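# Examining the three-dimensional arrangement
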Amino acid sequence: MKRIFIDEKYCIGCRLCEIYCQVKHSKSKKILKAFREGQPDILSRVLVEEIGHDSFAIQCRHCDDAPCVSACISGAMTKNEKTGVVVCDQEKCVGCWSCIMVCPYGVIKRDISSGKAASKCDLCVDEEVPVCVKNCPNEALKIVQFPDEEK
Amino acid sequence: MALELNQSEFTVERDLDKCIACEVCVRQCSNDVHEFDADDKTVLSESSKCVGCHRCEELCPTGAITIKKKAAEFKENSNWQAAHIKNIYKQAESGGVILTGMGSDKPHTVYWDHILFNAAQVTNPSIDPLREPMEIKTFICGKPENLKIEKQNGQFKLKSKMGPYLELLTPILFSAMSYGSISLNACKSLAAAAAEYGTFYNTGEGGMHKDLARYAKNTIVQVASGRFGVDRDYLRNSAAVEIKIGQGAKPGIGGHLPGEKVTEDISGTRMIPQGSDAISPAPHHDIYSIEDLAQLIDALKEATDYEKPVGVKVSAVHNIAPIASGIVRAGADYIAIDGFRGGTGAAPQSIRDNVGIPVELALAAVDTRLRQEGIRHRAAIIVAGSIRSSSDVVKAIALGADAVYIATAALIALGCHLCQKCYTGKCNWGIATQDPYLTKRLNPEIGTRRLHSLLRAWSLEIKEMLGGAGINAIESLRGNREHLRGINLNDRELSILGIKHAGEAW
Amino acid sequence: MNTEIKNIKKDYLIIGNSAAGISAAESIRKNDKKASIAILTMEKYPNYSKPLITYYLAGKLDLDRINFKDRDFYKKNNIELCLEKKAVMLNPQERFVLTGDGSKYFYKKLLIACGAKPAIPPIKVRDENESVSSLDREIGKIRGAFTLTTLEDAVEIKKYINDYSIKSASILGGGLIGLKAAEAFLELGININVIELSEMLLSASFDKTASGIIEDRIKQAGSNIITGQTIEEIIINNGAVLGLKLTNGNKIKCSLLIVAAGVLPDDAIFKDTAIKTDKGIIVNEKMQTSIPDIYAAGDAVKSYDILSGQPKNLAIWPAAVRQGSVAGMNMSGRPAIYKGGFLMNSVEILGVPVISLGLSNAEINASPAEIKVYIVHDALKKIYRKILVRNDRIIGVILLGAIERAGIYYGLIYNSIDISELKDKVAREDFGIIQLPADYRKHLVVGEGIEV
Ligand SMILES: Cc1cc2nc3c(=O)[nH]c(=O)nc-3n(C[C@H](O)[C@H](O)[C@H](O)COP(=O)(O)OP(=O)(O)OC[C@H]3O[C@@H](n4cnc5c(N)ncnc54)[C@H](O)[C@@H]3O)c2cc1C
Ligand code: SF4
Ligand code: SF4
Ligand code: SF4
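The rules we used
- Residues numbered from 1 in each chain as written.
- Chains lettered and ligands numbered in written order.
- Predicted model: local features only at pLDDT ≥ 70, side-chain atom pairs only at ≥ 80, totals over all residues.
- Heavy atoms only, no water.
- Helix = DSSP H or I, 4+ residues; strand = E, 2+ residues; numbered from the N terminus.
- Buried < 20%, exposed > 50% of the residue type's maximum accessible area, 1.4 Å probe, protein only.
- Polar contact = N/O pair within 3.5 Å; in protein donor to acceptor, adjacent residues only side chain to side chain.
- Contact = heavy atoms within 4.5 Å.
- Domains from an automatic or database assignment.
- Buried area = accessible area lost by both parts, 1.4 Å probe.
- Salt bridge = Lys/Arg side-chain N within 4 Å of Asp/Glu carboxyl O.
- Nonpolar A, V, L, I, M, F, W, Y, C, P; charged D, E, K, R; others polar.
- pLDDT = per-residue confidence, 0-100.
- Near = heavy atom within 4 Å.
- Areas by Shrake-Rupley, 256 points an atom, 1.4 Å probe, with all protein chains shown as cover.
- Pairing = 2+ DSSP bridges.
- Phe/Tyr/Trp six-rings, centres within 6.5 Å; stacked < 30°, edge-to-face > 60°.
- Lys NZ or Arg CZ within 6 Å of the ring centre and 35° of its normal.
- Core = buried A, V, L, I, M, F, W, Y, C linked by side-chain atoms within 4.5 Å.
- Expected span 1.5 Å × (residues − 1).
- Axes fitted to C-alpha atoms, helices over the stretch in contact; angles between N-to-C directions.
- Parallel < 35°, antiparallel > 145°, perpendicular 65-115°, else oblique.
- Left-handed = near helix turned anticlockwise from the far one by under 90°.

### Structural notes on the side chain of B:S160
All names here are of chain B. Following the sequence through the fold, S160 ends up in the loop between β9 (155–158) and β10 (166–168). The buried category is assigned to S160, whose relative accessible area is 14%. For S160, the side chain forms a polar contact with the main-chain nitrogen of K148, separated by 2.5 Å. If we skip the residues at most four places from it in the chain, S160 touches P144, N146, L147 and K148.

Here's what the structure looks like:
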């Protein structure tokens, strides 16, 4: 099971993680195009918090006993038993924001521009390494493999 | 306020077709060059503040920024060069000494670039280091006059008593850089890389931070004129002790870390009150002669139970050969010679660019002199002051060095772009700064990895060059100047270097 | 109906095919791969999400998308779903449940997850042509008057709207269901009158300001909110709603009436048993009732409110899911505990999202020394944030407009985190994880930040 480890000590607040997350979740997946021609409103699913010189990027922790999954009234938010990834099925989501209400990390956003659905980190399932991790210049985000407790 | 005559050195070029106004550059620049204009939703840059560290250029996700040297600043004049004019403008305003960082960038001869290395052909075979053993292990210590070997129960045993030594897996050490002049993360990277690779780093004159204590086995601790951080534990928590007399970038000059930089952490490490100026006097006030130096060496050996080598670091000055001879006679186990182009965190520009001699000449002179006096074996020689590549290392060893110290090269591996603004404390690469916002930028895990890679790469190249010359152990190269030839050098230079000109056979 | 089936034996029997029942079945199946599991429901739909029925009503979803578990959920988990089987009697001595068709379902372990039923206040009904009104008429039997708690209700309301081209509707009750219905009608372009007995909307979790902002929005959209009033009399004609008479004597025309005056735990089938109830089935933290091997979860129970420290009926979806899963675990032999919960709501009216958590208006009945209130209100940006703090712990929150990151407060309430250092920041829009106490933050962000 892949998880993203956040190292607060070395986040430099550059927000490249946010930028590449936006690109990844844009239509064209090309940085210039994504920012230029199209959707200036694409949401980053990773969120950098910063006060003074303290900063870190946080995205969905893909909780084991995910509060957002039990709160979801539509069944859109599910946890994949195999990969451990918590995903929101944008087609199913009705935008009731129950998940936002209970996610203790506050990492779900309202995606109003493309329909009305909850937007959150999908751990870039189709990439070997999530783009935020890959593009963090200071390795403040790392990917760690967790032993699967179920087995 | 009167008009300031300082012209900007760089131009920040922003390709507006590529700029996505993500503000990465705005957040990365500690010199406030870039600014987001909320009205226009664009990023504006003020070139005059740019120091040319290239941080923004490297981090810009779309490659929209190019930092260029500002062209055609003044009317061409071979005498009144731009540097002179600018310095005068600056000083006419500030009335102060012009400070700078890193080694001299003046176009004096770099002798490494005028020396060529040899290779084996026909009459002796070259060696492939990937298939055959190649030894580059190096020992830093004094060696006995001769080796006595005895036979015990049919086995040969070394009878001579060896003094304490440093064992290096590659003839490269990290040179002295104090915590204070560089960030703790930079120190951690150096220490961890040295430990991982099997070589040594040097605390510099700032004492040892508690987080670095675990690297003691790979630490050379420095004792300088300010005696910062020196106590019994400091000396014993080390692999070797080094007395710092001088530094190549500023021979004869002391150091001054302003009180505002003496943070809680640094005050603890240097053992001085927080906020007080850390002044390294120009001379050691207890050393006015070789005899005084001998006393200090003895004292340090005594304090470390004669278990650790004690070395002396001096800058390369005109009289370096007799000085080195004196140092060896005073009992040093090694002598470190720091050349004219050696790096620094802060030095007056006038000194840095005009005082001292290149390390190549100093090394050749010292090695020759010590051999003539028959005392070369008593101490190892480490050279420093702008070793830029593995070939510089090979040439230095052939000229007579046992090993080299690298500092600037190590910092470049950590990201340094040689903007020479170390003294401002605003290093955008998190190296020469104590600002917590900036020091975070150097993740020691990455730093360690990069330094380790550099050591590995250079070591591989050294082995390649040795193999090419048909040499299978670095010991066989040491002081073997026949492997070197000069190019574009005059007779005087060749004779000081003790090498033939290219084209001359054995 | 098949009257042949008389005695059916199951290892696990679950009454209720919704949030609590299904999540219990799921966790039983996780622990026990072999046992037989059956779910009884009196409804005819396989599984659907109750909170989604108003979305269906609004036309945002069709019947294919209203399920919250995949259609093959029952098959995949080998669970027998018994549709239209209404439990009418429970016999704990002989361990069976009797259904409306006369079948007996015997169980080893039983879960009662039959939810809540709509509360219907006593309202007089008068035929237009008669002068006396009576209390005896069942409101559900009046054409055009509905409750709204099942999919069946929503399907019928929708049909009624289409059949009669309804252009306006009245909603009795400005609580959660009332507002959800209002949201749906406004979406459909149907004008509404919301009639609410208390002085504001969602009086259980809003305050004057939040309620005021929402009321203004609804009024701007051409609809009407009547607070401090209730319906005194429903006027009918030919068995259909015609108008309403309010307590202040005002009369309004009405062709569609939704009675959304809250829900009550449904206790019909266990009334005559020894199961302890008190406006909801009493359960312990393992979700066990007073009778061994009978568990209960969801809207039907009185569980535990961690903020008041009192047993409470927490009639919300997330609580039902959690409780169901805890019950399922314990039933199948894996000890688990429901620590308790608190009330919370997320609604969005005409594009204004509002989230309320916990005791979100408790300051009304408390001294300022006891409960401190931190408010950020920006009318221009349509942002209202209110944080209630008691003994340095957050106990209630209202976020209107900027609701992102609401869950951080949920975590702080649930874990009872000391926020004494953060009081000046806690209501601010930029409040985030980074301001939290280092220990809590570390747990969240670094390393073990993976479990909550
Ligand atoms: C219109 C509406 C909107 C809502 N919106 C929200 C919201 O946005 N967020 C939120 O958190 N909560 C919301 N709720 C509340 C939420 O739906 C409930 O908390 C949740 O459904 C409770 O689940 P439950 O499993 O306990 O019971 P229920 O969902 O009430 O299910 C009860 C089940 O038991 C069955 N049943 C009942 N009696 C019998 C019997 N005698 N025999 C056989 N079967 C029986 C029923 O058929 C049903 O399957 C809303 C409720 C309604 C009505
Ligand atoms: S969205 Fe939040 S609650 Fe859901 S899994 Fe991710 S971190 Fe956990
Ligand atoms: S907003 Fe979407 S994902 Fe979140 S709880 Fe509601 S339906 Fe589920
Ligand atoms: S890319 Fe890395 S360093 Fe930059 S903000 Fe994101 S986590 Fe921090």
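That covers the picture; the talk isn't over yet.
### A few points about the domain arrangement of chain A
All names here are of chain A. Structurally, chain A comprises domain 1 (1–59 + 123–151) and domain 2 (62–120). Centre-to-centre separation of domain 1 and domain 2, based on C-alpha positions: 18 Å. On the domain 2 side, the residues contacting the 14 residues of domain 1 number 18 residues. Taken together, both faces of the contact between domain 1 and domain 2 bury some 1300 Å²; the carbon and sulfur share is 56%. Counting across the interface, domain 1 meets domain 2 through 1 salt bridge. In this assembly, domain 1 and domain 2 are joined by 4 residue pairs in polar contact (both at pLDDT 80 or more). When its residues are assigned to classes, the side of domain 1 that touches domain 2 shows 6 nonpolar, 2 polar and 6 charged.

### Digging into the interface of chain A and chain B
Contacts between the two partners involve 24 residues from chain A, matched on the other side by 24 residues from chain B. Buried surface at the junction of chain A and chain B, summed over both partners, amounts to about 2000 Å²; 55% is from carbon and sulfur atoms. Taken as a group, A:Y10, A:I12 and A:H53 account for 28% of the area that chain A buries against chain B, more than any other trio of residues on that side. At the junction of chain A with chain B, the criterion picks out 2 salt bridges. Where B:E445 meets A:K142, a salt bridge forms, and the shortest distance between an N and an O atom there is 2.9 Å. Between chain A and chain B we count 8 residue pairs in polar contact (both at pLDDT 80 or more) in total. At the level of elements, α1 (16–24), α2 (31–36) and β3 (54–58) of chain A are the ones that each hand at least two residues to the side of chain A that touches chain B. Here the element with the most residues in the side of chain A that touches chain B is α2(A); it accounts for 4 residues. Each residue belonging to the side of chain A that touches chain B can be placed in one class, and the counts come to 11 nonpolar, 5 polar and 8 charged.

### Here we look at the confidence of the model for chain B
With 99% of its residues at a pLDDT of 70 or more, chain B has an overall mean of 94. This prediction of the complex comes with two scores: 0.89 for pTM and 0.94 for ipTM.

### So, the site of ligand 1
Residue and element names in this part refer to chain C. The environment of ligand 1 is made up of 33 residues, and the closest members are S18, T41, E43, K180 and D299. Here a nitrogen atom of ligand 1 sits 3.2 Å away from a polar atom, N or O, in the main chain of M42. Taking A87, its main chain carries an N or O atom lying 2.8 Å from a nitrogen atom of ligand 1. Computed on the free molecule, ligand 1 has an accessible area of 990 Å², of which 96% lies beneath the protein chains in the complex. Those elements that place two or more of their residues in the shell around ligand 1 are α1 (19–31), α5 (176–188) and α7 (317–331). Its residues assigned to classes, the shell around ligand 1 shows 19 nonpolar, 7 polar and 7 charged.

### With respect to the pairing of strand β24 (residues 371–378) of chain C
Where a strand is regular, its side chains alternate between the two sheet faces. Residues and elements named next belong to chain C. Note: β24 against strand β25 (residues 383–390), 8 bridges, orientation antiparallel. Each residue of the ladder has a partner; that of V376, found in β25, is R385. Two successive antiparallel strands, β24 and β25, enclose a turn made up of 4 residues, where K382 displays a positive phi of approximately 55 degrees.

### Details of the packing of aromatic side chains
Counted by the stated rule, this structure contains 11 aromatic pairs over all chains. Judged by centre distance (6.3 Å) and plane angle (50 degrees), the ring pair of B:F74 and B:Y89 falls under tilted. Of the two residues, B:F74 sits in the loop between β4 (65–69) and α3 (82–94) while B:Y89 sits in helix α3, which places them 15 residues apart along the sequence. On the basis of relative accessible area, B:F74 is assigned to the partly exposed category, the value being 22%. Among the residues examined, B:Y89 registers a relative accessible area of 26% and is labelled partly exposed. With a centroid separation of 6.2 Å and 80 degrees between ring planes, the pair formed by C:Y45 and C:Y48 is classed as edge-to-face. For the pair formed by C:Y45 and C:Y48, the shared burial category is buried. In this arrangement the basic side chain of B:R55 is found over the ring face of B:W429, its NZ or CZ atom lying 4.6 Å from the centre. Directly above the aromatic system of C:Y56 lies the positively charged group of C:K158, at a separation of 4.9 Å from the ring centroid.

### Notes on the interface of chain C and chain A
Taken together, the 44 residues of chain C in the interface contact 46 residues of chain A. When the two sides are added together, the surface that chain C and chain A hide from each other amounts to roughly 3700 Å², 57% of it contributed by carbon and sulfur. Viewed at the interface, chain A and chain C are joined by 5 salt bridges. The partner of A:E81 in a salt bridge is C:K30, with the nearest N and O atoms 3.9 Å apart. Applying the counting criterion to the chain C and chain A interface returns 18 residue pairs in polar contact (both at pLDDT 80 or more). Put simply, the parts of the chain that give the side of chain C that touches chain A at least two residues each are α7, β22 (344–349), β23 (352–358), α8 (406–414) and α9 (438–445) of chain C. In terms of residues, the side of chain C that touches chain A owes the most to one element, α8(C), which gives 5 residues. Residue composition of the side of chain C that touches chain A, by class: 23 nonpolar, 12 polar and 9 charged.

### Digging into the nonpolar core
C:F185, C:L256, C:L357 and C:I394 are the most contacted members of the largest nonpolar core, which has 175 residues in total. Not counting residues within four places of it along the chain, the set of residues in contact with C:L256 comprises C:G144, C:F146, C:I157, C:Y160, C:I161, C:I166, C:S168, C:A169, C:S170 and C:F185. Counting residues in hydrophobic clusters, the runner-up holds 108 residues, among them B:I243, B:L370, B:C416 and B:L484.

### Thoughts on the site of ligand 2
Ligand 2 sits among 14 residues. The nearest are A:C60, A:C63, A:C68, A:C103 and A:Y105. For the shell around ligand 2, the class distribution of residues is 11 nonpolar, 1 polar and 2 charged.

### Focus on the sheet that holds strand β11 (residues 172–174) of chain B
Spatial ordering of the open sheet is given by β11-β21-β20-β18-β17-β14-β13-β12 (chain B), a layout of 8 strands whose pairing is parallel. Looking at the sheet topology across the chains shown, the edges are occupied by β11 and β12 (201–202) of chain B.

### Thoughts on helix α14 (residues 444–468) of chain B
All names here are of chain B. A rise of 1.5 Å per residue sets the reference length of α14, with its 25 residues, at 36 Å; its end C-alpha atoms lie 36 Å apart and thus fit the reference within 8%. What α14 keeps buried is the set P444, I446, G447, T448, L451, L454, L455, W458, S459, I462, L466 and G467. By the N-cap criterion, in which a side-chain oxygen at the helix start approaches the backbone nitrogen of a residue two or three places on, α14 is capped by N443, the distance to E445 being 2.9 Å.

### Observations regarding the packing of helix α8 (residues 320–329) of chain B against helix α10 (residues 359–372) of chain B
Residue and element names in this part refer to chain B. Between α8 and α10, the shortest axis-to-axis distance is 8 Å and the interhelical angle comes to 50 degrees. It follows from the interaxial angle that α8 and α10 lie oblique. α8 and α10 meet at a crossing whose hand is right-handed. Only A362, A365, V366, R369 and L370 of α10 make contact with α8, whose side of the interface consists of I320, A321, P322, A324, S325 and V328. Within the contact of α8 with α10, the residues separate by chemical class into 9 nonpolar, 1 polar and 1 charged.

### Considering helix α11 (residues 390–399) of chain B
Residues and elements named next belong to chain B. Counting buried positions over the 10 residues of α11 gives 9, a clear majority of the element. Along α11, the positions that sit buried rather than exposed are S390, D392, V393, V394, K395, A396, I397, A398 and L399. Looking at the residues trailing α11, positive phi occurs at G400, about 130 degrees.

### Thoughts on the pattern of salt bridges
Residues and elements named next belong to chain B. Taken as a whole and judged by the stated rule, the model has 63 salt bridges over all chains. Here D113 makes a salt bridge to R388, at a shortest N to O gap of 2.7 Å. Within this pair, whereas D113 is found in the loop between β5 (99–100) and β6 (115–117), its partner R388 is found in the loop between β20 (380–384) and α11, the two being separated by 275 residues in sequence. For D113, a relative accessible area of 47% gives the class partly exposed. Among the residues examined, R388 registers a relative accessible area of 38% and is labelled partly exposed.

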